[in-house]
Amino acid sequence: MKMKLLQFYKLSFLTIVIAGLIFGCAEVKIKEKTLDINAYLEASDGEHIYPSPEQIKMLKSVVPAESFQPAPSVSNRDYWDKIGATKSGQDYLKMAISEVGKEPEVPISDEIYHRANKEGNRRIYKPRYYRTMDRLEKYILGECIEDKGRFLGQIDVYCRAIMEMKSWMHPNHDDNENSVLEGKRVAIDLGARKFGLVLALADALLEEKLPSELRAEIATQLQWRIMDSYFKTCLGEDTVGNHWIRSTSNWNSVCTSGTVFTTIVASKNSDERIAAIGCALNSMAYYLSGFGEDGYCSEGTGYWNYGFGHYLYLAEIIDDYTNGKINLFDFNNAEKLNRVANFPENFQIHQGLYAPFSDGVTRVNDGSNNFAYLMASKYYGARKPVTFIPDESVQTIVGWSGAEAYVAGIGGESHLPEYTYFDDYGIVISRGQQKTPFSIAIKAGHNAENHNHSDVGSYVIVLGDDIVTGDIGAPSYIAGAFSPDNPARSSWGHPVPMIDRKLQSNGKDFSGRIISTEFSHDGDKVEIDIKSAYKIPSLTSLVRTMVNDKSGEGIITIEDQFTSTQPVAFGVAIMTLYEYEIVDDNTVILTNENQKVKARISGKGAEIKIIDELVPVEHLREGGPAHRIGIDFTEPIKEGSITVEYIPILK
């Protein structure tokens, strides 16, 4: 960021000319020696995340000798006074001033830590934990903007309070013995990486404004809590903590970005700074492999924003630090990264509405952090966010570096195609074209996806702007939320078949495969082989067929057809978070606040019956209570089919 920010503020903060200067320097960078990431990854020793000697040699030619300065220090009044003169800077300063006088909320007692760990209760720990970090960030940047010493006392108190904590991890992420709290080991989680980042930022920006002994203690704690822990894991010396270094989930990008920031800013050792970047590159190969070649993010739009947003923040700081010589925006597959960056736009069922597959969300809150959307607009030409709302201090600094050029300023709907097909993961979104659109998102996928729900074949049906039936989404993150036995996480709590009273099994091999598609203006048809999702030896075939007839007011049909070498019990389910009425064994009326849909049910092979049950999960992200309306054959059979036709009842 240093190079871009300094160039930027020599001219004007708000001009489009500067945006061109900041983001139009590709021709200069191409002429310089850049890291060939494919060659770099091939030079890995194949065993460790820590870079091999050959990789270290490659990095030394592109990583600068000095540490990274994320923004000019507080003494650079030309820079900070210009920030303070902007509306964004003034608004930020007001927020910081509003926090003055508040005491840090850490350390939190061991008793509460133990309780949060045992109960999985985030509410008694997490809010205090994160409020402390957020306030310290505001104090740091507020002091840089104002430069009156107003915040220095609290910065000192907050830094010391954080360093007094026995564990920087959130209790939910410690083991059952609370070994991090007890000082038996050190590990980095989503919270610890942020504590490290904020302390590193305080030291880098405030410099001599902080007492020398405080700065020394910050350096000591960052070394053992962050850097030493990270390198030990990457070298394979610590096999207990930091498993996220090979994860395909948001944990990898979030923890890696914070750890790398802390290291390249705070470490006085150039070899450590080089190694941290090298580890990150090896680690990000794992993270990016979690996205489909089609750009699909199995974690959903919320975690796309969080996880991919931190990946883009890592890409930004490494780009700035190396003056464009290491390009994570393309990494080793520019086309895939472009598809990943445009995932939220393509995943919409209707404008701003998404399928809550896995732990995804149905809507993205416009009032929350949208850093990933800004960066996707900036680097990949994705749709511009209406405004920029950063979450963390580093994102704020990036935003002060010309975000205005990459926000729309006004709202507006995008034109969505009649269908979207993520052909790698097997996700189809069939969008109705009626006056009140009747649409469906349906998935194949596999049962080892991030935040897995054992949901091969699941679907969501939308009428207008309302989800009317289908996947009920994620359980709230409390004790037991991530258990495979949680009904909302097993296939029992999804609109998929149950065979011989057995649910889908977990693992990548338990998957679905789209075997045919037909897309047209009048309707879409998708056939999914979901047999492999079930570990049932007698099952010889199981095909789920979805037809979206877009004529008239629309009809969406889900048919499940199966064969077995011996008679099996067979049933499917209609899932709902709303009111319903079972009219008879062939008809169910589903009603929410705005919409009503009739489910017309038929079976071939035997008589069917309907049994509805409450989903025994008290806390669901999408509300509730949820109900499972089971549709089952009255006797075991060798072959048969159950068809559910969903028909809008428009007011």
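Up top you'll find the structure we're talking about.
The following refers to the structure shown. (Residues numbered from 1 in each chain as written. Predicted model: local features only at pLDDT ≥ 70, side-chain atom pairs only at ≥ 80, totals over all residues. Heavy atoms only, no water.)

1. Some words on unusual backbone geometry
Next up, step 1: With an omega of -5°, the peptide bond between valine 106 and proline 107 qualifies as cis.
Next up, step 2: Cis geometry is adopted by the peptide bond preceding proline 625, which originates at glycine 624 and carries an omega value of 5°.
Next up, step 3: For asparagine 323, which is not glycine, the phi dihedral falls at a positive 55°.
Next up, step 4: Here asparagine 323 shows up in the loop between helix H15 (300-321) and helix H16 (334-341).
Next up, step 5: Its relative accessible area of 28% is what places asparagine 323 among the partly exposed residues.
Next up, step 6: Here the phi dihedral of histidine 451 falls at roughly 60°; this positive angle occurs in a residue that is not glycine.
Next up, step 7: Residue histidine 451 is classed as buried on the basis of its relative accessible area of 18%. (Helix = DSSP H or I, 4+ residues; strand = E, 2+ residues; numbered from the N terminus. Buried < 20%, exposed > 50% of the residue type's maximum accessible area, 1.4 Å probe, protein only.)

2. What to know about the pairing of strand S12 (residues 555-568)
Next up, step 1: Note: strand S11 (residues 539-549) against S12, 10 bridges, orientation antiparallel. In the sheet register, valine 543 faces S12, and the bridge partner there is glutamine 561.
Next up, step 2: Hairpin connection from S11 to S12: five residues lie between these consecutive antiparallel strands, with glycine 552 at a positive phi of about 55°.
Next up, step 3: Examined bridge by bridge, S12 and strand S19 (residues 637-648) share nine bridges and lie antiparallel to one another. Within S19, the position partnered with isoleucine 558 by the bridge is valine 644. (Pairing = 2+ DSSP bridges.)

3. Some words on helix H8 (residues 110-119)
Next up, step 1: Those residues of H8 lying buried are Ile112, Tyr113, Ala116 and Asn117. Viewed along the axis of H8, the buried residues span an arc of 135°, placing them on a single side of the element. Away from its buried face by more than 90 degrees, H8 exposes Glu111 and Lys118.
Next up, step 2: Packing partners of the buried residues in H8 comprise helix H9 (126-146).
Next up, step 3: Looking one or two residues past H8, glycine 120 carries a phi angle of roughly 65°, positive in sign. (Arc of directions from axis to C-beta. Contact = heavy atoms within 4.5 Å.)

4. Some remarks on the packing of H9 against helix H11 (residues 192-206)
Next up, step 1: Where H9 contacts H11, the axes come no closer than 10 Å and their chain directions differ by 15°. The orientation of H9 with respect to H11, classified from their angle, is roughly parallel. Of the two possible hands of crossing, H9 and H11 adopt the one that is left-handed. Along its contact with H9, which presents Tyr129, Tyr130, Met133, Asp134, Leu136, Glu137, Ile140, Leu141, Glu143 and Cys144, the element H11 presents Ala192, Lys194, Phe195, Leu197, Val198, Leu199, Leu201, Ala202, Leu205 and Leu206. (Axes fitted to C-alpha atoms, helices over the stretch in contact; angles between N-to-C directions. Parallel < 35°, antiparallel > 145°, perpendicular 65-115°, else oblique. Left-handed = near helix turned anticlockwise from the far one by under 90°.)

Read these as geometric descriptors, not functional statements.
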